[in-house]
Amino acid sequence: MLITLLVFSIIISVFGTWIILSYIDSDLLTGKATDTATTTLTVTGVASCTATDNAIAFGTMVRGTGNTSEILSDFITVENDGNSQINISVYASGELWDGASYQAPSAYWQIHCNTSESGTCNSTYGNVPNSDGNLIALDLDSGDANDLLTVGVNVTVPSDEISGAKSGTLTFSCIAA
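Q: Any chance you could explain the pairing of strand β8 (residues 134–140) here in plain terms?
A: On a regular strand, one side chain projects to one face of the sheet and the next to the other, so that they alternate. With four bridges joining them, strand β4 (residues 86–94) and β8 adopt antiparallel strand pairing. Note on β8: the bridge partner recorded for Ile 88 is Ala 137. Sheet analysis places strand β6 (residues 120–121) next to β8, joined by two bridges and oriented antiparallel. If you follow Cys 121 over to β8, its bridge partner there is Ala 137.

Q: I would appreciate a short explanation of unusual backbone geometry in the present structure.
A: Across residues other than glycine, the phi torsion is negative in most instances, and most of the peptide bonds are trans. Note the cis peptide between Ala 104 and Pro 105, where omega equals -5°. Tracing the backbone shows Pro 105 in the loop between β4 and β5 (109–116). Its identity is not glycine, yet Ser 73 carries a phi of approximately 55°, on the positive side. The residue Ser 73 is located in the loop between α2 (69–72) and β3 (76–80) in this model. The phi dihedral of Asp 139 is positive, around 60°, even though this residue is not glycine. By secondary structure assignment, the location of Asp 139 is in strand β8. Owing to a relative accessible area of 32%, Asp 139 belongs among the partly exposed residues under this scheme.

Q: What am I meant to see in the sheet that holds strand β10 (residues 169–176) here?
A: Strand pairs in the sheet, formed through backbone hydrogen bonds, run parallel or antiparallel to each other. Taken together, the four strands give an open sheet; going across it, the order is β6-β8-β4-β10, and neighbouring strands pair in antiparallel fashion. For this open sheet the edge positions go to β6 and β10, each flanked by a neighbour on one side alone.

Q: Sorry if this is basic, but what is going on with the pattern of salt bridges here?
A: Within this structure, the stated rule accounts for two salt bridges. The salt bridge partner of Lys 166 is Asp 98, with a shortest N-O separation of 2.4 Å. Of the two residues, Lys 166 sits in the loop between β9 (148–156) and β10 while Asp 98 sits in the loop between β4 and β5, which places them 68 residues apart along the sequence. Overall, the relative accessible area of 44% leaves Asp 98 in the partly exposed class. For Lys 166, the salt bridge goes to Glu 161, with nearest N and O atoms at 3.1 Å. Under the relative-accessibility criterion, Glu 161 is labelled buried at 2%. Linked by salt bridges that have partners in common, Asp 98, Glu 161 and Lys 166 make up one network.

What counts, and where the lines are drawn
Residues numbered from 1 in each chain as written. Predicted model: local features only at pLDDT ≥ 70, side-chain atom pairs only at ≥ 80, totals over all residues. Heavy atoms only, no water. Pairing = 2+ DSSP bridges. Helix = DSSP H or I, 4+ residues; strand = E, 2+ residues; numbered from the N terminus. Buried < 20%, exposed > 50% of the residue type's maximum accessible area, 1.4 Å probe, protein only. Salt bridge = Lys/Arg side-chain N within 4 Å of Asp/Glu carboxyl O.

Shown next as structure tokens:
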């Protein structure tokens, strides 16, 4: 009789353990409490760009002649290194020509967006202004696969420009779209 009672106790214990374990994941088990929570945040947008390839060497030119980035296959590359879409405009912050009548804005120094991995590219050459205002690209993305644009430059040496080395500075203004 004692052995029967012992076997019966073991069977009841195993069966009871199995029942309890089978209800652990159900809502029938009392004392079980679960809930969910939500985490929220806002990432601040940053509008930033860098001219990663920032020089075009036109070489020696004669008065009255012109040259373009397309002829040289040499372009300025601008990268959106922020985390927001940007609009890019350009202006002259350092004059290319000595003659006052040829300084920006003039048809002797022009710029345009050559190619863009995203957004809208203004591919028509326009005079380089002397203050922020020549919009060359809209909505350039910030993702690594879509964040580059190339800029072409068109120069024509004025017929009465004095001889010597010439260097003009372009400033790119990148503003969140």
